[in-house]
Structures are given as structure tokens and as C-alpha cells.
Amino acid sequence: MTQRKATTETGWNFDNSYARLPELFFSRLHPAPVKAPKLVLLNHALAASLGLNAEELQSEDGVAALAGNRIPEGASPLAQAYAGHQFGHFTMLGDGRALLIGEQITPSGERFDIQLKGSGRTPYSRQGDGRAVLGPMLREYLISEAMHALGIATTRSLAVVTTGEAVIRGTDQPGAVLTRVAASHLRVGTFQYASQWGTTEELRVLADYSLKRHFPDAVAGENRYLSLLQEVIRRQAGLIAKWQLVGFIHGVMNTDNMTLSGETIDYGPCAFMDAYDPATVFSSIDIRGRYAYGNQPPIAGWNLARFAETLLPLLHADEAQAVKLAQDALAGFSELYHCNWRAGMRAKLGIFNEEAQDEALIEDLLSMMQKYRADYTNTFRALTFDRPEETAFLGTPEFDRWYELWQARLGRQQEAKASSQQLMRNWNPAVIPRNHRVEAALESAVERGDYRVMERLLHILSSPYAHTAEQAEYSTPPEPPAQPYRTFCGT
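Residues numbered from 1 in each chain as written. Predicted model: local features only at pLDDT ≥ 70, side-chain atom pairs only at ≥ 80, totals over all residues. Heavy atoms only, no water.

Draft legend 1. Representation of the side chain of Gln 104. Checked against the element boundaries, Gln 104 lands in strand β9 (residues 98–105). Looking at Gln 104, its side chain comes within polar contact range of the main-chain oxygen of Gly 11, at 3.1 Å. Among the polar contacts listed, one links the side chain of Gln 104 to the backbone nitrogen of Asn 13, at a separation of 2.8 Å. In contact with Gln 104, not counting residues within four places along its chain, are Gly 11, Trp 12, Asn 13, Phe 14, Leu 50, Leu 52, Glu 110, Arg 111, Phe 112 and Ile 114. (Helix = DSSP H or I, 4+ residues; strand = E, 2+ residues; numbered from the N terminus. Polar contact = N/O pair within 3.5 Å; in protein donor to acceptor, adjacent residues only side chain to side chain. Contact = heavy atoms within 4.5 Å.)

Given below as C-alpha cells:
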């Protein structure tokens, strides 16, 4: 099947700055064509914000471009090279089943990576076939769009196209290509790759590129590479706090899955927590709980330390001084994270100002939630609407004491009760992507080709803070399962 230029009527407006980096960082190649591409999901709102014509994207040429069968005009496809610590073990990686097609410049002048995931083998595929199966691509589309609606920085999903080809993953499964949109795909692992296999000058070029792309205000600083480290630390502190505040468990926090932009990336074994428990793990391969819910903040700190190590040659000519600068910057991560988390938790409880005993109030609530296996999301939703009878610990002495302290705390601030409730509505979602709802949507789509369940779920999740009547049935947690819920890396 020949690859031809797609029409420009779609609105593609590519510039390819990453392709102008040293070729150490990528390999140029085209996607492998697929047999019979069919568009099954298209994000119309995202397409419009990117300056793309949704109608043209649904045309034969448009679908061919989303499948990798045609290359849009101005695109410069490439696979990015990177490395990473996977469950603590360092290894060479890279885009083994994805290609960066180009960087779309939007009508407002913003720049976004357009990546095809599942587009065929690359030089970094190792033993993989470079393809993706439909279920995991639909999961990424669903969860990434839910995260966006929750107000959490994330890569997004423009489209899912089935390929008309089977992919072998134990059994034959339908193949698919996901179009992923990101502020960039620069990762901690990109810098680890440059540090391990590049020169200091190539590392400097990558750092300068990252600064210009994501932190242009830091370029003129006294030590711009220290500023780069500090900005990445700051963004990750805010991101991980938001994960914790909604009960999101990433599942595979390897260093190649930590972006410099501060976006959530890679939705393989991710899931949302129902009953509150810091030890919650969903990923089938995380047998020791390295990436459990409660471990996410310290793991982020560990990943950032690996990033700092790559920057040492740039931070200062004297190695000892470079190490001290890095250590001082990293020392601030924990407090930055906790400041973000405490501020978010106070908002979830309707608290506008800060008092010394707030953290104890928060921790006491979480301890009760863990003791009584209370649903994390629904507990905060019940408190939002002052319906303590809907909590798992109504009538217990510890809750009675806690509730009295909470009400007294609200009474010490100037804001009215209605203002506190509105603050809580803005921070406590009515719905999250409940795991059983996600599985039902995936099963309907993959097994029966029926996307109505998924489309309905996407609609419900698009306004998680609306607290509408139609969201009520989607807020119910599942019945206690016979076996723990498990997720798997999408391969």
C-alpha cells in the first residue's frame, strides 16, 4: 500500500522542531500501513482546538492519516529515543510502537505533538511488533479525557482507528492506532538517554530545547539549567498532588513516564481507587507495590533525582557544587508537593484559609476512611452536600468527634457556608472513571463493536464537577469483587 500526502483541507499545520535536534535523539521512518482503517472515536472538541476540520478527519484521506497510511503535508515522522528506570532497573527504551508525526501549531500559536501509537515497528521495538490492540487504546482515550475534565494536566486523545488486522497477544485481538496529543513527549528518560549515550554538548542542546519549548521565561536566568530542574520539580509536585486528590493510581511510574511538561502520560495499568487505602495497587506486574497509591509522591521524588543526575554536567563546572545545587533543589520537592496537597485537601473540605491543625483534621478523616474502607470519592461527595448519613462511618464516636471539629473549623472562617459548599463542589468530583464502568465500556466496544456504552461514559465524565442527576448511577462503586481488580500494561 503506497503512502501519499494527505490533503491540506484537514487543517494540519506542522512545524517539526524536535526533528531539528541531533539525530542521536530519534530515527526517521514512516508508519507501517494497515489493511482496513476505520475511525471508531474522534474527539471533536480537541480537533477544533487544534485547528483541525473534524469533517475532513472523518473522510477517507483523514482516516488514512490517522491510521498512518498517509502522511499529512508538512509532517516529519520519527521515533524518539529515550531510556528509563523501569521498576528501578535502568534500560534502553524508545518509541517501540509509536511515531511522532509532527508538531501541530494551533490557531492560537500553541505547539502540540501529534503521535500515532500502534503505528508499527521502529528501531527501538526490540522484540515487539510495534502494534497496539484496541482495548488499551480505548482505555487511554477514555481515561486521558476523564483526567482532562478533572482539571489534571495530561496528554490527550484525538482519535482511535481500528486497523482491520489482528494482533497476537496470547490470542488474536483487534488492532488499533491511537492519535495522542501532548505538549511534548520530552521525558526524564530522554535526558537519561542523552546522559548515558550522548555527549555533554548534545545534553546541553536537549536542555536548551526543553527550556525554549516549555520554560522560555527561565532561559535568561542566572543558571538556566538549575531553573530547568526547579521548574520540572514544581510541575511534578503539582501534578502528583492532583493525582492523590482524586484517587488516581498511575500504575507504572517509570522514569520514561515522567514528562518535563508536567503532563500525565501512559495509561496502561492505571485505575482509580474506590475504597481508600494507601496500599492500593492495580497493576498486575507491580507485585511489590512500588507504585502503590501511597508511594506515588516519594517515587516522583526518586524519579526527579534521576533527572537531576543527568543535569549535573550542566549545573556547575565543579562536580561537588553541581551535586549541592541538585540536592538543594530536590530537597524542596516534598514541601512543594505537600503544600499543593494540603491546599487541595482544605478545598475538598471547604476550608479557605490555613490553620496549624488542618493537617491533623485531614489525616484523621483519611484514617477513618481507611479503617472503615470508605469510598474515597463518595465520602467527599457526601461531605460536600452535608449528608453524613451517606458515609461509611456514620454514628461512630470518632466520626462524631471529627464532624464536630470540622464544623467548628468552618465556623472560624469568614466565608459563608454556601461559599464553602461551592468550593467543595469545585474540588470533589461527582464521578470518576469507575473501574467496572470502564471495563463494561471496553467489553462492549471490543467484544461487540458497540461504542454506545463508551460514548455515554465519556459524556458523563466530561463534566465531573457538575453533580447532575444523570451522574448519580455512575457514582456507585462496584460490589466487593471475589478477586482484586487487576490492570495490565497495554501491549
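There's more to say after this.
Draft legend 2. Expanded view of the packing of helix α7 (residues 224–246) against helix α10 (residues 333–348). Between α7 and α10, whose axes approach to 8 Å, the crossing angle comes to 35°. Pair α7 / α10 crosses with right-handed handedness. Packed against α7, whose contacting residues are Ile 233, Arg 234, Gln 236, Ala 237, Gly 238, Ile 240, Ala 241, Gln 244 and Leu 245, the element α10 presents Phe 333, Leu 336, Tyr 337, Asn 340, Trp 341, Gly 344, Met 345 and Lys 348 at the interface. Here the contact of α7 with α10 is composed, by residue class, of ten nonpolar, five polar and two charged. (Axes fitted to C-alpha atoms, helices over the stretch in contact; angles between N-to-C directions. Left-handed = near helix turned anticlockwise from the far one by under 90°. Nonpolar A, V, L, I, M, F, W, Y, C, P; charged D, E, K, R; others polar.)

Draft legend 3. Region of interest: the packing of aromatic side chains. Counted by the stated rule, this structure contains 19 aromatic pairs. Between Tyr 276 and Tyr 293 the ring centres are 6.1 Å apart and the planes differ by 85°, which places this aromatic pair in the edge-to-face class. Of the two residues, Tyr 276 is situated in the loop between β15 (271–272) and α8 (296–315) and Tyr 293 in the loop between β15 and α8; the sequence distance between them amounts to 17 residues. Accessibility expressed as a relative area gives 4% for Tyr 293, which makes it buried. Aromatic side chains Phe 393 and Phe 399 sit 5.1 Å apart centroid to centroid with 40° between the ring planes, which places their arrangement in the tilted category. For the pair Phe 393 and Phe 399, a shared accessibility class is recorded, and that class is buried. Aromatic ring contacts, followed pair by pair, group Tyr 372, Phe 393, Phe 399, Trp 402, Tyr 403 and Trp 406 into a single cluster. One residue, Arg 187, lies across the ring of Tyr 82, its end atom 4.1 Å from the ring centre. Sitting over the face of the ring of Trp 302, Arg 306 holds its NZ or CZ atom 4.4 Å from the ring centroid. (Phe/Tyr/Trp six-rings, centres within 6.5 Å; stacked < 30°, edge-to-face > 60°. Buried < 20%, exposed > 50% of the residue type's maximum accessible area, 1.4 Å probe, protein only. Lys NZ or Arg CZ within 6 Å of the ring centre and 35° of its normal.)

Draft legend 4. The arrangement of the nonpolar core in detail. If you look at the biggest cluster of nonpolar residues, it comprises 140 residues, and the most contacted ones within it are Leu 158, Val 160 and Leu 228. In terms of residue count, α7 provides more of this core than any other element does, 13 residues in total. Dropping the residues within four chain positions of it, Val 160 is found in contact with Lys 38, Leu 39, Val 40, Leu 41, Leu 134, Met 137, Leu 138, Tyr 141, Ala 176, Val 177 and Leu 178. (Core = buried A, V, L, I, M, F, W, Y, C linked by side-chain atoms within 4.5 Å.)

Draft legend 5. Spatial organisation of helix α9 (residues 319–331). Spanning 13 residues, α9 covers 18 Å between terminal C-alpha atoms, matching the ideal 18 Å at 1.5 Å per step. Turning to α9, its buried residues number three or more, namely Ala 322, Leu 325, Ala 326 and Ala 329. The buried residues of α9 occupy an angular sector of 95° when the element is viewed end-on, so they sit on one face. The exposed set on the far side of α9, more than 90 degrees from its buried face, consists of Ala 320, Gln 327 and Ala 331. Contact partners of the buried residues in α9: α7, α8 and α10. (Expected span 1.5 Å × (residues − 1). Arc of directions from axis to C-beta.)

Draft legend 6. Local environment of the pairing of strand β13 (residues 171–182). Sheet analysis places strand β10 (residues 111–117) next to β13, joined by five bridges and oriented antiparallel. Looking at the pairing, Gln 115 lines up with Arg 180 of β13. Sheet analysis places strand β11 (residues 132–133) next to β13, joined by two bridges and oriented antiparallel. By the bridge assignment, Ala 132 is partnered in β13 with Ala 176. Counting the residues between successive antiparallel strands, the hairpin from strand β12 (residues 156–169) to β13 contains one residue, one of them, Gly 170, with a positive phi of roughly 85°. (Pairing = 2+ DSSP bridges.)

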